[in-house]
Structures are given as structure tokens and as C-alpha cells.
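Spelled out, the chains give:
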Amino acid sequence: MAPQQQFHVLAVDDSIIDRKLIERLLKTSSYQVTVVDSGSKALEFLGLNEDEQMDQDVSSVLPSDHQQDLEVNLIITDYWMPGMTGYELLRKIKQSKSLKDIPVVIMSSENVPSRINRCLKEGAEEFFLKPVQMSDVNKLKPHLLRGRAMEDEPIINKIEATLEVI
Amino acid sequence: MERNQTRRQIAGMRQSLFDQGLVDEQFVQLEELQDDANPNFVEEVATLYYRDSSRLIQNLDQALEKSPLDFNKLDNYMHQLKGSSSSIGAKKVKAECTHFKEYCRTANREGCMRSFQQLKKEYALLKKKLEAYFQMARQAGPSNAACRPK
């Protein structure tokens, strides 16, 4: 069986300690990791300029004129960051045609129900309270697998159709 | 014989960090992320913490000299310090950050000043203890890298 490509997670946090921690947690789970320190750097990495409007038509998930040549399978971001908050980053991702299907997880040091609800409503898959632990990172797998399953869907449908005929 | 003694010493130092309430469960979480490929993870995080904290403490010092106090700014700095203290498991420092933030919320200048002095004490003590602990662990050799006793 051909080895599955590693999942690639983009982590966003302005705290240098938390960046180190999340990177280690993710690498321990055998994910490929890119860590950036701001929302704008995250968007840059994802190939999306801050000015891009939501109806910008990007034919593939991987814009050719940007450094990003690795598909991002999940984005995990801190909520409170100077400049662009994690919530604002989440919104921009969900408004982007090319990025909206990438699962987004929010981290926050504060347990504010209204904040949590707002993020989940905006499309965040999970909300982790800091400090993030291994048990939290273990919750990412289903979201990553679902993403991959959606990519493989056309093939699966074909297989199922074929099996039905047999 | 000597090796065992060193191991016991290291274990003792580690235990006193917990007994004295200097670190909490998060510190254990960090230890569990340490392995043969990343044998100095906890110390690396601690080093980043010292650097980041001293910057924030300096900012707080300067901000506390102003008159009138900008409580929003102070709260902002303290929020960052609380966050990183929480991530490394610095129990007492984190608790003092919470007190300080409360004084900010009630715009209590005196409270902020007192709390900050206490915070600096707690921070200095933690740093001293951690540095001694990691140094001991390093001296004992790679197989004795600071980690949770199996």
C-alpha cells in the first residue's frame, strides 16, 4: 500500500512559547508543521492577500506564484493576536473560495462562551483552551481524515458504483 | 553509587518544584513531550520563557512609572505574561498575573504596584530553581536529561 502523505498543519500564534509548544505537540503526532506568528503571515503562506475579495476565483488550492507548495490540511490559530485576531483570520479563510474547506481550530487562554460560540458559528471545528495539550491535538485527526475523505470522494463513489454492479 | 545519588538529587529538585507550588501539571505535560530526539525540550521552552518574560517585565516596569497609569496597556502586557506562564506551568507566577489583572480591572494603582513586586519575586525564584534543576540534569549526562521519572 502506498504510504499516505503526511498531514500538513499550519499553526498561528504570536507567542513564541506557544509556537514552540504547538509545534512540538503537532510533530509528536507526526504532522508536518508550519508555524507563523500572525494572521497576515498565515494568509500570505496560504496564498491569499488580505485585500482579496471572497469572490476571487482561484482555480486550484495552490496558487502557483506563491511559495506555498504544500497543501495545508488544517489551520490552528490563537484567538487573541495583535493585528488580526484568530476570529478575523477564520472569517477570511471561510470567505475564501480556495480556502474555505480547510478545517480551522481556535485556541484561547480565556474561556468565554460567547467567544467560543461565535467562532464555532463562523465555522471553526474546535475551540481549545490553552495551554493546549496532547489530548486536544488528538482531537484533530477526525477533521483531517474527513478532509482527506472529501478529497477522495469522487474515487470512492466510483468504487462504490463498481461494487454495486458486481 | 554517585550516579544514583545524582539521580536522587535531580528527582528531589524536581519534586520540590511541585511541592513548593512553583510549577503545576502543565510542567508535566512538557516533560512528556521530551524524548530521545528532543531531550532538552523543557529547558528550551524555559529559556524562551525567561527571554520573553524579561521583555514583558521590562515593559511593565516602564509602564508602571507613567502617570496616570494606562491600565489597558498594563493588562495587555500581563495577559501575555500570564499566557506564557500558563504554557510553561509556572503556577505561582500565573496566579500573581491574575491578581495583577484584577487590580487593572479595578484601576487600582497601589494594588498593581504591590502585585507586580510580588510577581517579580515569584518569577526570580522560579527562574533560579529551574536553572539549577536543568543545570544539574545536564551535568548528569544525556541519559539523565530532565524528564519525568518513568
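Before reading further, recall that the structure is shown in the block above.
So, here is what we can say about the structure in this document. Not measured: the values here are computed from a predicted model. (Residues numbered from 1 in each chain as written. Chains lettered and ligands numbered in written order. Predicted model: local features only at pLDDT ≥ 70, side-chain atom pairs only at ≥ 80, totals over all residues. Heavy atoms only, no water.)

**Brief notes about the overall build of chain A**
Thought 1: The number of helices and strands found in chain A is 6 helices and 5 strands.
Thought 2: Scanning chain A from its N terminus toward the C terminus, one meets helices and strands in the order β-α-β-α-β-α-β-α-β-α-α.
Thought 3: Intrachain contacts of chain A at a sequence separation of at least 6 include 64% that bridge at least 24 residues.
Thought 4: Total accessible area computed for chain A in this model is approximately 9,100 Å², and 50% of it derives from carbon and sulfur atoms. (Helix = DSSP H or I, 4+ residues; strand = E, 2+ residues; numbered from the N terminus. Contact = heavy atoms within 4.5 Å. Areas by Shrake-Rupley, 256 points an atom, 1.4 Å probe, with all protein chains shown as cover.)

**Here's the deal with the pattern of salt bridges**
Thought 1: Inspection of every chain in the model, using the stated rule, returns 19 salt bridges over all chains.
Thought 2: Ionic pairing is found between Glu 122 of chain A and Arg 91 of chain A, a salt bridge with its closest N-O pair at 3.6 Å. One end of the pair, Glu 122 of chain A, is in the loop between α4 (113-121) and β5 (126-129); the other, Arg 91 of chain A, is in helix α3 (residues 86-95), and 31 residues separate them in sequence.
Thought 3: On the basis of relative accessible area, Glu 122 of chain A is assigned to the partly exposed category, the value being 24%.
Thought 4: According to the relative accessible area criterion, Arg 91 of chain A is partly exposed, its value standing at 36%.
Thought 5: The partner of Arg 105 of chain B in a salt bridge is Glu 102 of chain B, and the shortest N-O contact between them spans 2.7 Å. Placement of both Arg 105 of chain B and Glu 102 of chain B in helix α5 (residues 91-105) is noted, with a separation of 3 residues, approximately one turn of the helix.
Thought 6: Overall, the relative accessible area of 38% leaves Glu 102 of chain B in the partly exposed class.
Thought 7: Taken together, the shared-partner salt bridges in this structure form one network comprising Asp 13, Asp 18, Asp 78 and Lys 130 of chain A. (Salt bridge = Lys/Arg side-chain N within 4 Å of Asp/Glu carboxyl O. Buried < 20%, exposed > 50% of the residue type's maximum accessible area, 1.4 Å probe, protein only.)

**With respect to the packing of helix α4 (residues 71-88) of chain B against α5 of chain B**
A pair of packed helices is captured by two measures, namely the crossing angle of their axes and the spacing between those axes.
Residues and elements named next belong to chain B.
Thought 1: Relative to each other, α4 and α5 sit at 160°, their axes nearing to 9 Å. Judged on the interaxial angle alone, α5 and α4 are roughly antiparallel. At the point where α4 passes α5, the crossing takes the left-handed sense. Side by side, α4 and α5 meet where Phe 71, Leu 74, Asp 75, Met 78, His 79, Leu 81, Lys 82, Ser 85 and Ser 86 of the first sit next to Val 93, Lys 94, Cys 97, Thr 98, Phe 100, Lys 101, Tyr 103 and Cys 104 of the second.
Thought 2: Residues belonging to the contact of α4 with α5 are distributed by class as follows: 9 nonpolar, 4 polar and 4 charged. (Axes fitted to C-alpha atoms, helices over the stretch in contact; angles between N-to-C directions. Parallel < 35°, antiparallel > 145°, perpendicular 65-115°, else oblique. Left-handed = near helix turned anticlockwise from the far one by under 90°. Nonpolar A, V, L, I, M, F, W, Y, C, P; charged D, E, K, R; others polar.)

**Quick look at unusual backbone geometry**
Thought 1: Going from Lys 130 of chain A to Pro 131 of chain A, the amide bond is cis rather than trans, its omega being 0°.
Thought 2: Considering the arrangement of structural elements, one finds Pro 131 of chain A in the loop between β5 and α5 (134-137).
Thought 3: The amide bond that connects Ser 67 of chain B to the next residue, Pro 68 of chain B, takes the cis arrangement and shows omega of 0°.
Thought 4: In this structure, Ala 107 of chain B takes a positive phi of about 50° despite not being glycine.

**A word on the interface of chain A and chain B**
Thought 1: With 14 residues of chain A at the contact, the number on the chain B side is 17 residues.
Thought 2: Interface area, chain A with chain B, both sides summed: about 1,600 Å², of which 64% is carbon and sulfur.
Thought 3: It is Ile 17, Lys 20 and Arg 24 of chain A that lose the most area in chain A upon contact with chain B, and together they represent 42% of the buried surface on that side.
Thought 4: One salt bridge in this structure joins Asp 35 of chain B and Arg 24 of chain A, with 3.0 Å as the shortest N-O distance.
Thought 5: At the junction of chain A and chain B, the tally comes to 4 residue pairs in polar contact (both at pLDDT 80 or more).
Thought 6: The greatest single-element share of the side of chain A that touches chain B, amounting to 8 residues, is contributed by helix α1 (residues 16-28) of chain A.
Thought 7: By residue class, the composition of the side of chain A that touches chain B is 7 nonpolar, 3 polar and 4 charged. (Buried area = accessible area lost by both parts, 1.4 Å probe. Polar contact = N/O pair within 3.5 Å; in protein donor to acceptor, adjacent residues only side chain to side chain.)

**Observations regarding the nonpolar core**
Thought 1: Counting 61 residues, the largest nonpolar core has Leu 26, Ile 76 and Leu 140 of chain A together with Tyr 49, Leu 74 and Phe 100 of chain B as its most contacted members.
Thought 2: The element that contributes the greatest number of residues to this core is helix α3 (residues 41-65) of chain B, accounting for 12 residues.
Thought 3: Ignoring any residue separated from it by four or fewer positions in sequence, one finds Ile 76 of chain A in contact with Val 9, Leu 10, Ala 11, Val 12, Ile 22, Leu 26, Val 105, Met 107 and Phe 128 of chain A.
Thought 4: Judged by nonpolar contacts, the second largest core, of 25 residues, contains Ala 42, Ile 93, Val 104 and Ile 116 of chain A. (Core = buried A, V, L, I, M, F, W, Y, C linked by side-chain atoms within 4.5 Å.)

**Notes on the sheet that holds strand β2 (residues 32-36) of chain A**
Residue and element names in this part refer to chain A.
Thought 1: Pairing in this open sheet of 5 strands is parallel, and the strands run β2-β1-β3-β4-β5 from one edge to the other. With partners counted over all chains shown, the strands left at the sheet margins are β2 and β5, one partner each. Averaged over all pairs of adjacent strands, the angle between strand axes in this sheet comes to 20°, irrespective of strand direction.
Thought 2: In terms of strand pairing, strand β1 (residues 8-12) meets β2 through 5 bridges, oriented parallel. (Pairing = 2+ DSSP bridges.)

**A closer look at the packing of aromatic side chains**
Thought 1: Scanning the entire structure with this criterion turns up 5 aromatic pairs over all chains.
Thought 2: With a centroid separation of 5.4 Å and an interplanar angle of 45°, the aromatic rings of Tyr 133 of chain B and Phe 134 of chain B are classed as tilted.
Thought 3: Among the residues examined, Tyr 133 of chain B registers a relative accessible area of 1% and is labelled buried.
Thought 4: Its guanidinium or amino end placed over the ring of Phe 41 of chain B, Arg 24 of chain A lies 5.9 Å from that ring's centre, counting from NZ or CZ. (Phe/Tyr/Trp six-rings, centres within 6.5 Å; stacked < 30°, edge-to-face > 60°. Lys NZ or Arg CZ within 6 Å of the ring centre and 35° of its normal.)

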